[in-house]
Amino acid sequence: MAKIVCKDLKKSYDGKTEVLGGINLEIEEGEFFILVGPSGCGKSTLLRIIAGLEGVSSGELIMDGKLANEMLPRERNLTMVFQSYALYPHLTVRDNILFGLDVKKVPKAEQEQRLAEAAEILGLTDYLDRKPRALSGGQRQRVALARSVCSHAPLCLMDEPLSNLDAKLRASMRVEIRRLQQQLGLTVIYVTHDQVEAMTMGDRIAVLSAGRIQQLGTPLELYNHPANEFVATFIGTPQMNMAVAEVAPEGLVLNGGLTVPLSEADRAKLPMGQRWKIGFRPEQVYPATATSVHDTEVTVVSSEMMGNETLIFFDVAGTLFTARWQGQHRIADGATLHVSLDPRYAHFFDVNSGALLRAAEDLDELGVRSTSAAGAAAAAHIEAAPAAAE
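Here's a quick rundown of the structure. (Residues numbered from 1 in each chain as written. Predicted model: local features only at pLDDT ≥ 70, side-chain atom pairs only at ≥ 80, totals over all residues. Heavy atoms only, no water.)

A word on the environment of R179
At step 1: Structurally, the position occupied by R179 is in helix α5 (residues 167-184).
At step 2: For R179, a relative accessible area of 35% corresponds to the partly exposed category. (Helix = DSSP H or I, 4+ residues; strand = E, 2+ residues; numbered from the N terminus. Buried < 20%, exposed > 50% of the residue type's maximum accessible area, 1.4 Å probe, protein only.)

Topic: the pattern of salt bridges
At step 1: As enumerated under the stated definition, the model contains 18 salt bridges in all.
At step 2: A salt bridge links R275 to E246; its shortest N-O distance comes to 4.0 Å. Separated by 29 residues along the polypeptide, R275 in strand β14 (residues 275-280) and E246 in strand β11 (residues 241-248) bring together distant segments of the chain.
At step 3: By relative accessible area, E246 is classed as partly exposed at 37%.
At step 4: For E283, the salt bridge is made with R324, and the minimal N-O distance between the two is 3.2 Å. Pair noted here: E283 is in the loop between β14 and β15 (286-287) and R324 is in strand β18 (residues 319-326), with a separation of 41 residues, a long-range link. (Salt bridge = Lys/Arg side-chain N within 4 Å of Asp/Glu carboxyl O.)

What about the packing of aromatic side chains?
At step 1: Here the structure, examined in full by the defined rule, presents six aromatic pairs.
At step 2: Seen from their ring centres, Y88 and F99 are 4.8 Å apart, and the 45° between their planes marks the pair as tilted. Within this pair, whereas Y88 is found in the loop between β6 (78-81) and α2 (93-103), its partner F99 is found in helix α2, the two being separated by 11 residues in sequence.
At step 3: Overall, the relative accessible area of 32% leaves Y88 in the partly exposed class. (Phe/Tyr/Trp six-rings, centres within 6.5 Å; stacked < 30°, edge-to-face > 60°.)

Some words on the environment of A86
At step 1: Along the chain, the position of A86 falls in the loop between β6 and α2.
At step 2: When the C-alpha atoms of A86 and A265 are compared, they prove to be 59 Å apart, with 179 residues separating the residues in sequence.

What to know about α5
At step 1: Taking 1.5 Å as the rise per residue, α5 with 18 residues should run 26 Å; its terminal C-alpha atoms sit 26 Å apart, in good agreement.
At step 2: For α5, the full list of buried residues reads M173, R174, E176, I177, R178, L180 and Q181.
At step 3: On its buried face, α5 sits against β3 (32-36), α3 (108-122), α4 (137-151), β7 (155-159), β8 (187-192) and α6 (195-201).
At step 4: With a side-chain oxygen lying 3.1 Å from the backbone nitrogen of K168, the N-terminal cap of α5 falls on D166. (Expected span 1.5 Å × (residues − 1). Contact = heavy atoms within 4.5 Å. Polar contact = N/O pair within 3.5 Å; in protein donor to acceptor, adjacent residues only side chain to side chain.)

Some thoughts on the nonpolar core
At step 1: One finds I34, I97, L145, M158, I177 and Y190 to be the most contacted residues of the largest nonpolar core, which totals 43 residues.
At step 2: Top element by residues in this core is α4. It accounts for six residues.
At step 3: Ignoring any residue separated from it by four or fewer positions in sequence, one finds L145 in contact with V81, L122, M158, M173, I177 and L180. (Core = buried A, V, L, I, M, F, W, Y, C linked by side-chain atoms within 4.5 Å.)

Quick look at the layout of surface pockets
Sizing a probe to match a water molecule and rolling it over the atoms shows the empty space that remains.
At step 1: Volume-wise, the largest pocket comes out at about 740 Å³.
At step 2: For the largest pocket, the lining is made up of 23 residues, of which L78, T79, M80, G100 and K104 are closest to its centre.
At step 3: Taken together, the elements giving at least two residues each to the lining of the largest pocket come down to β6, α2 and α4.
At step 4: Here the lining of the largest pocket takes five residues from α2, the largest share from any one element.
At step 5: Its residues assigned to classes, the lining of the largest pocket shows 15 nonpolar, five polar and three charged. (1 Å grid on protein atoms, 1.4 Å probe; cavity = no way out; pocket = protein on both sides within 12 Å on 5 of 7 lines; lining within 4 Å. Points joined across faces, edges and corners; volume = space filled by probe spheres on them. Nonpolar A, V, L, I, M, F, W, Y, C, P; charged D, E, K, R; others polar.)

Observations concerning empty space enclosed by the protein
At step 1: Within this structure, the stated rule accounts for one cavity of 30 Å³ or more.
At step 2: In this structure, the largest cavity encloses a volume near 60 Å³.
At step 3: Looking at the lining of the largest cavity, the elements with two or more residues in it are α4, β7 and α5.
At step 4: Within the lining of the largest cavity, the residues separate by chemical class into eight nonpolar, two polar and no charged.

Structure below.
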């Protein structure tokens, strides 16, 4: 069992400023749970409280049905994988992996059995006699994971374990850690500031800001129905395009300068009020076609061809917007471009509080259908784009 419950958990170092303010969550047995947020949001502090390395100012931490506020770290039956790997440089891979088992006085025969199993799972069998300095970053991280596996603890805490690795290694280690967690049935609490890791690895995600949970849910729940502007702009790469929108007779005016034409059906579906924050995902900004109702003329600031897709940056009355189009599109800086900003695909937020007022319509389905639709529209547009650039 490795169920974790936090009830109104608070942490303050000086008695005045709350590093964590009223954390309430339940982490189920066997779940891969992500704590994500910007630097200083309190995610590592929460992890350290669960590990027993920090005390609780108020509230309750319950582990396997027992109050754990005063429980010693060694009594919590967990392991922790750190950003720095925490390997002993003078010990071999074998001794690093078995170090915790020696401390716990696990019989030698059982130690060797656990070592063989962990080394096989993580591909370390040929490296057991090497020192950490003779290993790559990815291999060192696997040694840290093997030490955790060998402990047979049902709960594993990971504090940004991939941040020291290059992009290619991070991608492969994401898959490896997730596979390992599922294979062993571990409960994993994983701290990261990288929302790509959060979206690709977690069963559920808690987004933190300023010591408080902004939203808790599955990756797609957070992406398709963000609770507020903070979550909307934090989750998603490239991040959501945001502007202040006001309804006017001529259409929806963004940032007081760019007008998006509206049909009567569009106006009927707008949230209550006349002024909002509005957000478009980059993949929901389409090339305009001859029949586009929401055709809007913009000026290209720059573009980036990624091979399989092109990112196009354009100005919206002083704010930089990003469009993500499938395929390769050569568009010159300063070119005039026609894009479709359909309010059906936009999220509306309260202009003062940032709370979500209306999510994009059926974004789950639109995301599936729009890939081919955008590709077809972009293919029709690609002939015109170079001409416009010239």
